[in-house]
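Descriptive structure summary
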Amino acid sequence: MDFAAPVDIGRATGLLADAVRAADADHVDATLLARAGEYTRFAGERVHQPQDITEQQVVVRAVVDGHAARVATSALDRVADAVRRATAIASGLARTASAPGSAWTPQHRDTDDHVLWHDDTAAFDAPARVAIAAEAMTRARRAGTTAAGMVGRAVTQLAVASSTGALRHVVATEATGSLTVGDRDGSAHWANLHRSRDALGLDAASVADTVARAVRTRGRQPLPDGSYTVVLGPEATCELLGFLGVLGFDGGPAQAGVGVTSRPGQRVASELVTVADDASHPFGLPIPFDVLGTTKAVVPLLTAGLVGGPVTDRTGHTHVAREAVPSPVAANVVMTPGAQGDLVAGVENGLYIERFWYTRLVDRQAGTITGVSRDACFRIVDGEPADPVRGARFTQSVFDLLATVDGVGDVLRAQPIMNVWNGSVTAPAIRAHGFRFGPR
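Residues numbered from 1 in each chain as written. Predicted model: local features only at pLDDT ≥ 70, side-chain atom pairs only at ≥ 80, totals over all residues. Heavy atoms only, no water.

1. Details of the pairing of strand 2 (residues 46-64)
- Examined bridge by bridge, strand 1 (residues 27-43) and strand 2 share 16 bridges and lie antiparallel to one another. Residue pairing across strands places Glu38 opposite Asp52, the latter belonging to strand 2.
- Between strand 1 and strand 2, which pair antiparallel in sequence order, lie two residues; one of them, Gly44, sits at a positive phi of approximately 65 degrees.
- Direction of pairing for strand 2 relative to strand 3 (residues 67-73): antiparallel, over a ladder of seven bridges. Bridge pairing in strand 3 places Val60 opposite Val71. (Pairing = 2+ DSSP bridges. Helix = DSSP H or I, 4+ residues; strand = E, 2+ residues; numbered from the N terminus.)

2. A look at helix 2 (residues 79-96)
- Taking 1.5 Å as the rise per residue, helix 2 with 18 residues should run 26 Å; its terminal C-alpha atoms sit 26 Å apart, in good agreement.
- Taken as a whole, helix 2 has its buried residues at Val79, Ala82, Val83, Ala86, Thr87, Ala90, Ser91, Gly92 and Ala94.
- Where helix 2 is buried, its residues meet helix 1 (9-21), strand 1, strand 2 and strand 3. (Expected span 1.5 Å × (residues − 1). Buried < 20%, exposed > 50% of the residue type's maximum accessible area, 1.4 Å probe, protein only. Contact = heavy atoms within 4.5 Å.)

3. A short note on the pattern of salt bridges
- All told, the structure shown has 17 salt bridges when counted by the stated rule.
- Across the pair Arg213 and Asp209 runs a salt bridge, and its minimum N-O distance is 2.6 Å. A residue pair is termed a helical-turn pair when its members lie 3 or 4 positions apart in one helix, as Arg213 and Asp209 do in helix 5 (residues 204-216) at four residues.
- Between Arg431 and Asp406 there is a salt bridge whose closest N-O contact spans 2.9 Å. Of the two residues, Arg431 sits in strand 22 (residues 430-437) while Asp406 sits in the loop between helix 9 (398-402) and strand 19 (407-408), which places them 25 residues apart along the sequence. (Salt bridge = Lys/Arg side-chain N within 4 Å of Asp/Glu carboxyl O.)

4. Points about the nonpolar core
- Ranked by internal contacts, the top residues of the largest apolar core, which has 49 residues, are Leu232, Val275, Leu402 and Phe437.
- Apart from the residues within four sequence positions on either side, Leu232 is in contact with Thr237, Leu240, Ile353, Phe356, Leu401, Ala429 and Ile430. (Core = buried A, V, L, I, M, F, W, Y, C linked by side-chain atoms within 4.5 Å.)

5. Let's talk about the pairing of strand 10 (residues 299-303)
- Relative to strand 10, strand 9 (residues 275-277) is paired through three bridges, and the arrangement is antiparallel. Across the sheet, residue Asp277 finds its bridge partner in strand 10, namely Val299.
- Both strand 10 and strand 11 (residues 306-307) contribute to a ladder of two bridges, which runs antiparallel. Looking at the pairing, Leu302 lines up with Val307 of strand 11.
- Between the antiparallel neighbours strand 10 and strand 11 lie two residues, among them Ala304 with a positive phi of about 50 degrees.

6. Things to note about a negative patch on the surface
- The grouping of Asp342, Glu348, Asp382 and Glu384 at the surface amounts to a negative patch.
- You can see Asp342 is positioned in the loop between strand 12 (332-335) and strand 13 (349-353). (Patch = residues over 30% accessible without salt bridge, like charges linked within 9 Å, V, L, I, M, F, W, Y side chains within 5 Å. Areas by Shrake-Rupley, 256 points an atom, 1.4 Å probe, with all protein chains shown as cover. Lys, Arg positive; Asp, Glu negative; His and termini not counted. Charge placed at Lys NZ, Arg CZ, Asp CG, Glu CD.)

7. Observations concerning the packing of aromatic side chains
- Tallying each qualifying case throughout the model produces eight aromatic pairs.
- Relative to Trp117, the ring of Phe3 has its centre 5.5 Å away and its plane inclined at 50 degrees; by these criteria the two rings are tilted. Of this pair, Phe3 sits in the segment before helix 1 while Trp117 sits in the loop between strand 4 (113-116) and helix 3 (119-122), and the two are 114 residues apart along the sequence.
- Here the aromatic cluster, defined as three or more aromatic residues joined through ring pairs, consists of Tyr228, Phe356, Phe394, Phe435 and Phe437.
- Sitting over the ring of Phe378, Arg216 keeps its end group 5.5 Å from the ring centre. (Phe/Tyr/Trp six-rings, centres within 6.5 Å; stacked < 30°, edge-to-face > 60°. Lys NZ or Arg CZ within 6 Å of the ring centre and 35° of its normal.)

8. Brief notes about the domain arrangement of the protein chain
- Per the domain assignment, the segments of the protein chain are domain 1 (9-216) and domain 2 (226-437).
- Just the C-alpha atoms count here: the centres of domain 1 and domain 2 sit 22 Å apart.
- Listed as interface residues are 34 residues of domain 1 and, on the opposing side, 36 residues of domain 2.
- Each partner contributes to the roughly 3,100 Å² buried at the junction of domain 1 and domain 2, and carbon and sulfur atoms together form 60% of this total.
- Per-residue buried area on domain 1 facing domain 2 is highest for Trp104, Leu193 and Arg216; these three make up 22% of the total on that side.
- Viewed at the interface, domain 2 and domain 1 are joined by one salt bridge.
- Note that Arg213 and Glu354 form a salt bridge whose closest N and O atoms lie 2.6 Å from each other.
- The tally of links from domain 1 across to domain 2 stands at 17 residue pairs in polar contact (both at pLDDT 80 or more). (Domains from an automatic or database assignment. Buried area = accessible area lost by both parts, 1.4 Å probe. Polar contact = N/O pair within 3.5 Å; in protein donor to acceptor, adjacent residues only side chain to side chain.)

9. Concerning the sheet that holds strand 9
- Strands sit in the order 11-10-9-12-21-20 across an open sheet of six strands; the sheet is mixed. Of all strands in the sheet, those bounded by a partner on one side alone are strand 11 and strand 20 (413-416).
- In the sheet, strand 9 pairs with strand 12 via three bridges, with the strands oriented antiparallel. From the neighbouring strand, Val275 faces strand 12, where its bridge partner is Met335.

10. Points about unusual backbone geometry
- Of note in the backbone geometry, Ala304 takes a positive phi value of approximately 50 degrees without being a glycine.
- You can see Ala304 is positioned in the loop between strand 10 and strand 11.
- Of the residues examined, Ala304 reaches a relative accessible area of 29% and is grouped as partly exposed.
- Look at Asp375: it is not a glycine, yet its phi comes out positive at around 70 degrees.
- With respect to the helices and strands, the residue Asp375 is situated in the loop between strand 15 (368-374) and strand 16 (378-381).
- On the basis of relative accessible area, Asp375 is assigned to the buried category, the value being 4%.

Set out below in structure tokens:
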């Protein structure tokens, strides 16, 4: 398939601009969200289920007397009709309301095009992806294990036109990869995503390292319940930080006074922990403006362990998801890396945890989550990886753990944020204390 924006740039911006100019409303904005991706999946000894996915949606918001209504369509030739329907709904709300509404209307006249295009990702075609898959399967077979995973490229497109004169457009590439190596008794995992394929880090060295970790996990033993010093791999750190939004940094909970941002300036983490929502950062899946066309500000979430502020509509973080109430979300969460290359060396007795899965929120106010450790997890003895351990259930306060961080790695990896369009969290490995496995 031709690796290009799903919708011609001129056609996309022209359709949206024409539709909002013709609207009979106080304010209208129309947003095109489109994505075209190619994915190469592999397992065992063969490539299987190659898949191309193209998706597009136009979301229209009309505001009449402060009352807003949204209508979505997947057909580009129905955008004008969607504007009329949204306007009619908003007008109906205004007629029956006892007072004006409070829908926020961005006041800007940005007219820039922004490109986050990487030629190395555009060149990451099927033969290049199959070569990576072959490398992984061959190395795994030689080690007596099996490899399964996915490598892919995509191009994302966001276009916004509004009746205030904004006309913005971005085309962004995306490279992604995941690899699981294992047998009946052990496993290891690697995953990352980036706008640039060259920065993805999916190469022969990372494949060989994942295979080696899988081999070391053979003979895993149960992990006794207890509190441990832990070194969390980047994927595990990402999983923890992915909860910051629902713990108070997303606009919805924050506006309701729920969560940690109700206590700005309070220390909730170590001085080594600095996290921001930063759409200007090259890691993750940055997009420079939101679905209303508002430029995204850099929002400090945790600065040297101190609570910052939430993301809002006014910081450029309006988000629209399927089957969800529109709400501001932190979509490009990045933790500042440290300078330490080997966090394990500083641990006399502890655990290395590669990643978590099936994580769920338990207590928003306490910042408590639950989940299970998975894949390459080891005891650490005298600064060296020792016996492998099986996955175990944990229940842990995110902030209680971040408060004990005394080591931050120097390598960043990114993971997606589920149900957030182009959402990602990027983090290094961390070393922390008092991580509780077993019942509370």
